[in-house]
Every structure is written in C-alpha cells, then in structure tokens.
Amino acid sequence: MTAVTANQPDGTPTWVDLGVPDVERAAAFYRAVFGWEVIPGPAETGYYSMCLLRGKAVAALAQPPTVGEGQAPQWTMYFAAADTDGTAKRIVDAGGELLMPPMDVMGFGRMALAADPTGARFGLWEGRDHLGCELVNEPGALVRNDLVTTAPDIARAFYHEVFDYTVEGNPDMPGADFTFLRRPDGHEIGGIMGVPDAPVSMWNTTFEVADTDATVRAATEAGGTVVHVEDMQYGRIAALHDPFGTEFSVITRAV
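One structure accompanies this document, and this report is about it. Since this is a predicted model, take the numbers as computed values, not measurements.

According to the stated counting rule, one finds 17 salt bridges in the structure shown. A salt bridge links Glu 138 to Arg 54, with the shortest nitrogen-to-oxygen separation between them at 2.7 Å. Taken together, the residues Glu 138 in the loop between β10 (135-136) and β11 (142-149) and Arg 54 in the loop between β4 (48-53) and β5 (56-62) connect sequence positions 84 residues apart. Judged by its relative accessible area of 54%, Arg 54 falls in the exposed class. Between Arg 182 and Glu 188 there is a salt bridge, and its shortest N-O distance comes to 4.0 Å.

So, on to the packing of aromatic side chains. For the structure on display, the rule yields 24 aromatic pairs. Arranged with centres 5.4 Å apart and planes meeting at 90°, the rings of Tyr 159 and Trp 203 form a pair that is edge-to-face. Of the two residues, Tyr 159 is situated in helix α3 (residues 152-163) and Trp 203 in strand β15 (residues 202-208); the sequence distance between them amounts to 44 residues. Just as Tyr 159 is buried, Trp 203 falls in that class too.

Burial analysis of β4 places five of its six residues in the buried class, which makes it a mostly covered element. Of the pairings in the sheet, the one linking strand β3 (residues 37-40) to β4 comprises four bridges and is antiparallel in character. When the bridges of β4 are listed, Val 38 appears paired with Cys 51. Of the pairings in the sheet, the one linking β4 to β5 comprises six bridges and is antiparallel in character. Paired with Leu 53 across the strands is Lys 56, a residue of β5. The antiparallel hairpin formed by β4 and β5 contains two residues in its connecting segment, where Arg 54 sits at a positive phi of about 55°.

What counts as what
Each chain has its residues counted from 1, running along the sequence as written. Totals for whole chains, interfaces and linings use every residue, but because this is a predicted model, local features are given only for residues with pLDDT of at least 70 and side-chain atom pairs only at 80 or more, for both listing and counting. In computing side-chain values, all of the structure's heavy atoms are included and hydrogens and water are not. Any carboxyl oxygen of Asp or Glu that lies within 4 Å of a side-chain nitrogen of Lys or Arg is treated as forming a salt bridge with it. Numbering of helices and strands runs from the N terminus; a helix is a DSSP stretch of H or I covering at least four residues, while a strand is a stretch of E covering at least two. Burial here depends on accessible area, computed with a 1.4 Å probe over protein chains only, as a share of the maximum for the residue type. Under 20% is buried, over 50% is exposed, and the range in between is partly exposed. What counts as a ring pair is set by centres within 6.5 Å for rings of Phe, Tyr and Trp (its six-membered ring), and what kind of pair is set by the plane angle: stacked under 30 degrees, edge-to-face over 60, tilted for all other angles. A pair of strands is considered paired only if DSSP assigns at least 2 bridges between the two.

Here's what the structure looks like:
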C-alpha cells in the first residue's frame, strides 16, 4: 500500500478519471469490480463523482454532455505538474497538442488536457486542495500506466523532451518493443509498448487486484467483457471492457 500525502514529482501518473454517458451505471460497475464507494462531488463541479477506497480518493467518474463523436470512452491519466503552464508549453514545443489549455478547477488544482504526437490523450494536474490519487499500488487502486502506440520512437522522444524521462529497454521482454520510462531520479513511472496493429495510441490504465480471476468474474457479472487474461512474469493480468466499451487492465502482481 502507498498513501499519497503530497504532490507527486513532475511526470508521475497522479490521477485518473473516466467520462461516461451514465455515471450511475458506471458507478455500479466499478463498485462491483473494485469495491469503490462512489460519491457525488461538490455541486459546482457538475456531475463529477469521486471514487473512494477506505475513504481515500482513487479515481473519478464524470458525465460529460458528449463523450466525443466516434470516440469510445477511455480512462484519462494525469501527470503531476508543479507548473502546468510551463509543462503545457513544453508539450506544444515537443510537437504535442493542447486539447484544453491550463485552467483552474476552483481551489482543487490546475489542469490541462493534451495529446502527444501519436494521438494518445493525457492530462496534467497541479494539485492544491486535491492532490490526486490518495492511495496507489494496492488492490482497488491505480498501479500502472503504459502507452500502447503504433509509433513508439516518436512517443519516446516526446515524453523524454517534456518530462526529462530516461528511456530504458526491458530485458525481461526481449520479444516485445517495450521500454521503461523513468523520472530523472530513476523512479519508473510506466512504459511504452510498440504495437504495429494497435487501432489507436492510448495510455492504458491498470488497477491492482487481489485476485485477477475473481475480478474478471465480478466484471462480467456486472456487465463487462473480457478481452484477454494471461500470466506474465509480473503477475496475472486481464484486459477488460466496462459496459460502455472502456478498456482497462487489472493485475495481481507476482510475489
């Protein structure tokens, strides 16, 4: 278990939220899968519901007016940024696109939404009253984010330029086009997986669970579908779709 009590270093995945056409339906699904308590946020935030684990924020669900024409819902991952405006400029200078320029979210923090040159969307979060995920790396909480893309070399150069990540190969996966992303202090924040036939480039969100197979059963009983389940050197992992077609992953990490 890791409790987060201060803003994370720049470039650390620090928050995740999901825009869906029906928050109540999504809340029922993720409650069944992860045991989350889902409570409405302050009225001034609109239909933005916080997902809590043991009373600590781990994610959020939102009901936007539209999800986006022709665009499937997806979890949005936010990188910590001590200076959202400065990081937003680095994104543009590195060839990315600002989908939503930096803006204050009342006293909770400052945010921006962007897309990298491969088209993968992500956010920036400069925490104030709301730090982001208050629990990570435990069952029911965020454990990992990896970029799946058809253009891994472009992505590696972009994220290195924006966040000063170092990019390292993975000797445990010699047959895969996978590289680790590490902050300047050496901490691993995720990775980039090159997949030539990927339909889109996107950041995949992975939550830790105590029992992958039990979680898969809970997800299917709650209206989700299974993409695949497999064992790998890091644990037993499953890719799932929620009732709206949102893909996410769960893993029981190897001991």
